[in-house]
Amino acid sequence: MSARGKQGDDAAYEFGYMRKPDDRTKRQVIRDWIYDPRKGTVLGRTAKQWGIVGLFYLTFYSALAALCAICFCGLMATIDPKRPTYTLSRSLIGTNPGLGFRPISNDTSERSLIWYDAKNATQINKWTALLDDFLIGYWNKSALAKGGRTQMPCDYNQLPHGGKVCDVDFTKYGDCRPGTDYGYSSSQPCVFIKLNRIFDWIPDYYNDTEDLPQEMPEDLKTHIKTLRNQPEKLNTVWVSCKGEDPRARETIRKPKDKDHPVPATDKITGDLLYYPETRGFPGYYFPYTHQLEYVSPIVAVQFVRPEGSEVIRVECRAWAKNIHYRSKKGEKNGAIHFELMVD
C-alpha cells in the first residue's frame with residue numbers, strides 16, 4: 001500500500017511506503033549483529049567488507065611503523081653510545097658538579113639524618129650495611145663489568161694509561177675501609193663524600209698556596225700549604241666540613257693529624273679525620289669520559305666522638321675554582337648537608 005505523493009518545495013514528489021516493522025527481540029538483534037546467516041555478516045560486515053577494512057589498516061599501520069622505524073634509526077645514528085651529544089655548558093647538568101654523601105637511610109622520613117645508638121648493634125648494622133652496599137663496586141672487583149681488569153692503582157706520579165682507570169686504595173682510609181664497622185661502634189662514625197660525575201669536566205684546582213680564597217677554612221689552608229713541596233698533590237679538589245650553626249661549629253673541631261688519632265680518654269669532642277690524607281678528590285680521576293669500570297673518587301670524613309644525644313648539622317664543601325658555592329633556602333651548590341646524631 002502506498003500513500004499519495006506529496007509535492008515538495010523543489011517540485012519533486014515524495015512518496016511514503018509502509019515498511020514492515022522490526023519485530024525482533026533485543027536478544028535476536030544482538031545475535032544477528034554478531035552473526036546474521038541471512039545476510040552472511042559478522043559484526044555487521046560481510047567477509048568482503050572485513051577484507052577491505054583489514055587491508056586498509058594493515059597498509060596504514062605498516063606505513064606508520066616504517067615511518068617510526070626510519071625516524072628512530074635516524075635518531076640513533078646521531079647518538080654516540082659513549083658520549084652525550086651535549087656536554088658541560090651545553091647540557092642540562094651544566095658545569096657545576098654536586099656532592100653526595102653516604103650512608104643514606106632507606107627510610108625517607110629520616111631524609112639526611114644519620115642517627116643511631118652506639119650500644120645498639122642492630123642500629124649499627126643498619127648503617128654499616130648501607131655503606132657496604134655503596135662501596136661494593138669499589139672493593140669487590142667481581143661486581144664490575146670486567147672484574148676490575150681495566151682498573152689500575154694510581155697516584156699523583158702514576159696517572160692512568162693504556163685505556164685504564166684508577167681504582168680506590170682503601171689501605172689509605174684508616175677506620176673507614178670496608179671490612180670494618182666504619183667506626184660506628186666506637187662512636188666515631190665515617191661519612192663518605194662523593195663528587196657527582198659530569199662528562200668531560202676538569203677541575204680548575206686551587207693549587208697556588210699563595211692564592212687561596214679568603215673564605216676557605218684556615219685548617220684547610222694550612223693543610224694545602226704543607227704540600228707546597230709536593231706540587232703534584234696540589235692538583236686536588238679539596239674537601240672541608242663544618243657545623244652549620246654556632247653550636248655545631250663548637251661541637252665539630254679542627255681535623256686531627258691522621259698519624260695521631262684521638263685517644264679514647266680525650267675529652268675534646270667532634271674532631272675530624274679526612275681520608276685519604278690528601279683531604280680531597282685527587283686530580284688523576286678526572287675527566288670522566290664514560291670509561292669502563294670507572295669509579296667516582298670518594299673522601300671519608302670520620303667524626304671522632306661527636307657530642308652525644310645532639311643533632312649536629314654538618315655542611316661539607318668541595319673546593320675548586322670552577323665549583324661555584326651557593327647555599328640558599330636549603331638548596332646547596334658545590335656542597336652537601338646532612339645531620340649526625342650519636343646516642
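Just so it is clear, the model here is predicted, and its values are computed rather than measured.

A. Looking closely at the overall build of the protein chain. The secondary structure content of the protein chain amounts to five helices and 17 strands. If you take every contact in the protein chain between residues at least 6 apart in sequence, the share linking residues at least 24 apart comes to 68%.

B. Here's a closer look at the state of the cysteines. Summed over all chains, the structure comprises three disulfides. The disulfide partner of cysteine 154 is cysteine 166, and the gap between their sulfur atoms is 2.1 Å. Taking the torsion about the S-S bond as the criterion, the cysteine 154 to cysteine 166 disulfide, at about -90 degrees, is left-handed. Of this pair, cysteine 154 sits in the loop between strand S7 (151-152) and strand S8 (165-166) while cysteine 166 sits in strand S8, and the two are twelve residues apart along the sequence. Both residues of the pair, cysteine 154 and cysteine 166, belong to the buried class. Bridging cysteine 241 to cysteine 316, the disulfide has an S-S length of 1.9 Å.

C. Quick look at the sheet that holds strand S10 (residues 236-243). The strand order across the open sheet formed by five strands is S6-S17-S14-S10-S12, and the pairing between neighbours is mixed. Among the strands making up the open sheet, the edge pair consists of strand S6 (113-116) and strand S12 (280-282). The mean inter-strand angle of the sheet, taken between neighbouring strand axes irrespective of direction, is 20 degrees. With three bridges connecting them, S10 and S12 associate as antiparallel partners. Opposite valine 237, over in S12, you have phenylalanine 281 as the bridge partner. Its contacts with the sheet place helix H4 (residues 218-225) against S10 and strand S14 (312-319), and it is angled at close to 150 degrees to S10.

D. Just the sheet that holds strand S9 (residues 190-195), in detail. What the four strands build is an open sheet, ordered S5-S9-S13-S11; its pairing is antiparallel. Strand pairing shows two members of the sheet lacking a second neighbour, strand S5 (99-102) and strand S11 (271-275), which therefore form its edges. Looking at each pair of strands side by side, their axes are set apart by 25 degrees on average, direction ignored. In the sheet, S5 pairs with S9 via four bridges, with the strands oriented antiparallel. Bridge pairing in S9 links phenylalanine 101 to isoleucine 193. Most of the contacts of helix H3 (residues 121-139) go to S9, to which it runs at about 45 degrees, and overall it touches S5, S9 and strand S13 (298-304).

E. Geometry of the nonpolar core. Tyr173, Phe192, Ile193, Phe281 and Phe338 are the most contacted members of the largest nonpolar core, which has 62 residues in total. It is H3 that provides the largest number of residues to this core, a total of seven residues. Those residues in contact with phenylalanine 338, other than ones at most four positions away along the chain, are Phe101, Ser112, Ile114, Val191, Ile193, Phe303, Ile312, Arg313, Val314 and Cys316. Counting residues in hydrophobic clusters, the runner-up holds nine residues, among them Leu220, Leu234, Trp238 and Trp319.

F. How the structure looks around the pattern of salt bridges. Evaluated as defined, the whole model comprises twelve salt bridges. Taking the shortest distance from any N to any O, the salt bridge between lysine 126 and glutamate 110 comes out at 2.9 Å. With lysine 126 in helix H3 and glutamate 110 in the loop between S5 and S6, this pair connects stretches of sequence that are 16 residues apart. With a shortest N-O distance of 3.6 Å, arginine 313 and glutamate 244 are connected by a salt bridge. Linking arginine 313 in strand S14 with glutamate 244 in the loop between S10 and helix H5 (246-251), this pair joins segments that are 69 residues apart in sequence. Looking at arginine 313, the relative accessible area reads 37%, which means it is partly exposed. A residue is classified by how much of its surface remains accessible, and glutamate 244, at 23% relative accessible area, is partly exposed. Through salt bridges with shared partners, a single network forms among Glu244, Arg313, Glu315 and Lys332.

Criteria and thresholds
- Residues numbered from 1 in each chain as written.
- Predicted model: local features only at pLDDT ≥ 70, side-chain atom pairs only at ≥ 80, totals over all residues.
- Heavy atoms only, no water.
- Helix = DSSP H or I, 4+ residues; strand = E, 2+ residues; numbered from the N terminus.
- Contact = heavy atoms within 4.5 Å.
- Disulfide = S-S within 2.5 Å.
- Buried < 20%, exposed > 50% of the residue type's maximum accessible area, 1.4 Å probe, protein only.
- Pairing = 2+ DSSP bridges.
- Axes fitted to C-alpha atoms, helices over the stretch in contact; angles between N-to-C directions.
- Core = buried A, V, L, I, M, F, W, Y, C linked by side-chain atoms within 4.5 Å.
- Salt bridge = Lys/Arg side-chain N within 4 Å of Asp/Glu carboxyl O.

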